[in-house]
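Chain residues, written in single-letter form:
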Amino acid sequence: MAYKILVSDDVSEKGVALLREHFDVDVKVNMTPEQLTGCIGDYDALVTRSQTKVTKEIIAAASKLKVIGRAGVGVDNIDIPAATARGIVVLNAPEGNTIAATEHTIALMMSMTRHIPQAHQSMQEGKWDRKSFDGIQVQGKTLGIIGVGRIGSRVARRMQAMEMTTIGYDPYISEERGRQVGVELVDFDTLLKRSDYITIHTPLTSETRQMLNAAAIAKMKDGVRLVNCARGGCMDPQAIADGLKSGKIAGAAIDVYPNEPLKKEDNPFLGLPNVVQTPHLGASTVEAQIGVAVDVAYGVIDALEGRPVMTAVNMAPIPKSVATVIAPYFKLAERMGTLGIYLADAPITAVEVEYTGDLADTETQALTTAFLKGLLDPILQDTVNFVNAPGIAKKRNIHVKESRSHQTGYFTTAITAKLTTAKNEHRLVGTLFDGKEAKIVEIDGYRVDFKPEGYLLLAPHIDQPNMIGQIATVLGKAGININGMQVGSGKAGRGTNIMAIAVGDDIPNDIMLQLRGIQGILDVKLINCED
Ligand code: NAD
Ligand code: MLT
């Protein structure tokens, strides 16, 4: 059955069309919270911009929901803890509108500085007024940037070209990063004191809520100019309006508001001459709207088709440089987890995953998550994903350890998983051949060589003649095709061995019983490694 997607805000048709190629898509914009709560139970994914408020009540009614995709960067309209608790992937499209928001910030800053909207309005009224609109030059002035991330750093670069001095407050970036983008990092109070212009580019968090408030304004230079193209909640609008009225603030340019859409009666800037206001237009360019819609569509497709999502916000983000190295290993790690759960002969108490070779120098946490997803999926049936797998493992008291090593074994780049159960220890090694073909190369000390795909039979057995023949006879009689067969090697004299058989299809229970009844067969597990 095709997944059903609800698009609840105005999202570019390019992204919607991409989703339609894979799923059934309904576009229903401007719904009331009650209407959304009433229909959300039918959908597997929800795609929004900032208008839809995805509250915990809506999430509670979303019984089938697996993904919430936000066409844009800010996810403050989504109750992320509630979504995470339900294992719903929340993803955004953080890069598609960066340039649009950067350029809008600069457009606002320059309009405010040179009173362009006011002068335009005066011309529209038939006047020729050259006295009321004197501005200042930005050249030589100091621009204080709060939040030197994607947008903040680009604003810095562009305003450096206008010969402004750029300083920044961002406790989460390094001095080195500051140097790379030409921003001298300072503490918050120093930024407030030194800046002629202050522009904010942080997300809305408990730390940044009302960051631009009366106390902060009091520490600013007299005649400071402010820009907010980030989130309305980062400022106290009334405090800014008071500062504009008193002359402490010479100008303000505002694109975002604590409650949107902003009602006329809630707008403290109404009638003030030294303000430029836009109705949350930072991302409103053709390029940005297509960019975020297409990015979010790809994210939703990845999430629903079981691939890890690079832009998920409620799981560890994966930087592009890391993704390039680890992406080819995702399927392998997940399949190794699936084989692991079938190998285990008692509840698993600990998992240790070691990465060697190319994987030794990169972040591998996402691969361990993929391993855990593969491990837990067969026992929890479709309720495990890349968001909740580590949490579920913890709840089940599975101790997870990850390590990386430059010491290589037979294969230079490999993933080795050790599973400890109450009874035993198991070991699995997997690698990629030619950088793309996932193979299992060792199980419990036996050298093997098979692809973890389709349906696999894993059969530990006594090392004696005719084991293969007997299994093949039972399968042949049942009309089950054998696509490949591997007997382990490298453990001569141990008295036991393991067989991995790739079969075309699921195997009925009675045939499994017959296989288990073969003399010398210690166990037979049927493992579903289908996509
Ligand atoms: P980003 O995550 O790339 O950058 C945010 C930066 O803020 C990071 O460097 C982070 O370290 C810093 N930061 C976080 N907490 C901080 C704190 N307490 N003090 C100082 N710095 C802090 O985000 P971005 O893509 O640059 O977006 C920035 C903001 O712009 C977000 O709020 C986003 O929602 C908003 N945005 C608005 C529009 C619009 O239409 N107006 C469009 C796009 C983005
Ligand atoms: C964003 O967070 O991406 C912007 O505010 C734009 C939008 O809300 O669409």
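Here the structure is shown first, and the text comes after it.
Summary of the structure given here. (Residues numbered from 1 in each chain as written. Chains lettered and ligands numbered in written order. Predicted model: local features only at pLDDT ≥ 70, side-chain atom pairs only at ≥ 80, totals over all residues. Heavy atoms only, no water.)

1. Some points on helix H12 (residues 286-304)
So, step 1. Between the first and last C-alpha of H12 there are 27 Å, a value that for 19 residues agrees with the 27 Å anticipated at 1.5 Å per step.
So, step 2. Among the residues of H12, those classed as buried are Ala288, Gln289, Gly291, Val292, Ala293, Val296, Ala297, Gly299, Val300, Ile301, Ala303 and Leu304.
So, step 3. Buried residues along H12 sit against strand S1 (4-7), helix H1 (13-20), strand S3 (45-48), strand S4 (67-70), strand S5 (89-92) and helix H5 (98-114). (Helix = DSSP H or I, 4+ residues; strand = E, 2+ residues; numbered from the N terminus. Expected span 1.5 Å × (residues − 1). Buried < 20%, exposed > 50% of the residue type's maximum accessible area, 1.4 Å probe, protein only. Contact = heavy atoms within 4.5 Å.)

2. Digging into the packing of helix H14 (residues 330-343) against helix H15 (residues 365-380)
So, step 1. Between H14 and H15, the least distance of the axes is 7 Å, while the angle of their chain directions is 40°. Here H15 runs oblique to H14, going by the angle between their axes. Remark: the crossing between H14 and H15 carries right-handed chirality. Between H14, through Phe330, Ala333, Glu334, Met336, Gly337, Thr338, Gly340, Ile341 and Tyr342, and H15, the contact on the second element is made entirely by Ala366, Leu367, Ala370, Phe371, Lys373, Gly374, Leu375, Pro378 and Ile379. (Axes fitted to C-alpha atoms, helices over the stretch in contact; angles between N-to-C directions. Parallel < 35°, antiparallel > 145°, perpendicular 65-115°, else oblique. Left-handed = near helix turned anticlockwise from the far one by under 90°.)

3. Description of the site of ligand 1
So, step 1. Arg150, Ile151, Asp170, Thr202 and Glu207 are the nearest of the 28 residues found near ligand 1.
So, step 2. Within the backbone of Arg150, an N or O atom sits 2.9 Å from an oxygen atom of ligand 1.
So, step 3. Cys229 is positioned with one of its backbone polar atoms (N or O) 3.0 Å from a nitrogen atom of ligand 1.
So, step 4. For ligand 1, the protein covers 90% of the area, taking 870 Å² as the surface of the free molecule.
So, step 5. In terms of residue class, the shell around ligand 1 is built from 14 nonpolar, nine polar and five charged. (Near = heavy atom within 4 Å. Polar contact = N/O pair within 3.5 Å; in protein donor to acceptor, adjacent residues only side chain to side chain. Areas by Shrake-Rupley, 256 points an atom, 1.4 Å probe, with all protein chains shown as cover. Nonpolar A, V, L, I, M, F, W, Y, C, P; charged D, E, K, R; others polar.)

4. With respect to a positive patch on the surface
So, step 1. On the surface, a cluster of positive charge is made up of Arg150, Arg154, Arg157, Arg158 and Arg177.
So, step 2. Here the element with the most residues in the positive patch is helix H7 (residues 150-161); it accounts for four residues.
So, step 3. Checked against the element boundaries, Arg157 lands in helix H7. (Patch = residues over 30% accessible without salt bridge, like charges linked within 9 Å, V, L, I, M, F, W, Y side chains within 5 Å. Salt bridge = Lys/Arg side-chain N within 4 Å of Asp/Glu carboxyl O. Lys, Arg positive; Asp, Glu negative; His and termini not counted. Charge placed at Lys NZ, Arg CZ, Asp CG, Glu CD.)

5. A word on the sheet that holds strand S15 (residues 415-421)
One key point about sheets: their strands pair by backbone hydrogen bonds, in either a parallel or an antiparallel sense.
So, step 1. Spatially, S14-S13-S15-S16-S17-S18 is the arrangement adopted by the six strands of the open sheet, whose pairing is mixed. Only two strands of the sheet have a single neighbouring strand rather than two, namely strand S14 (399-405) and strand S18 (446-450). Across the sheet, the mean angle separating the axes of adjacent strands is 20° when strand polarity is ignored.
So, step 2. Of the pairings in the sheet, the one linking S15 to strand S16 (residues 425-433) comprises six bridges and is antiparallel in character. Paired with Lys418 across the bridge in S16 is Arg427.
So, step 3. The sheet contacts of H14 involve strand S13 (348-356), S15, S16, strand S17 (437-443) and S18, and relative to S16 the element is tilted by about 155°. (Pairing = 2+ DSSP bridges.)

Keep in mind these numbers describe shape, not what the thing actually does.
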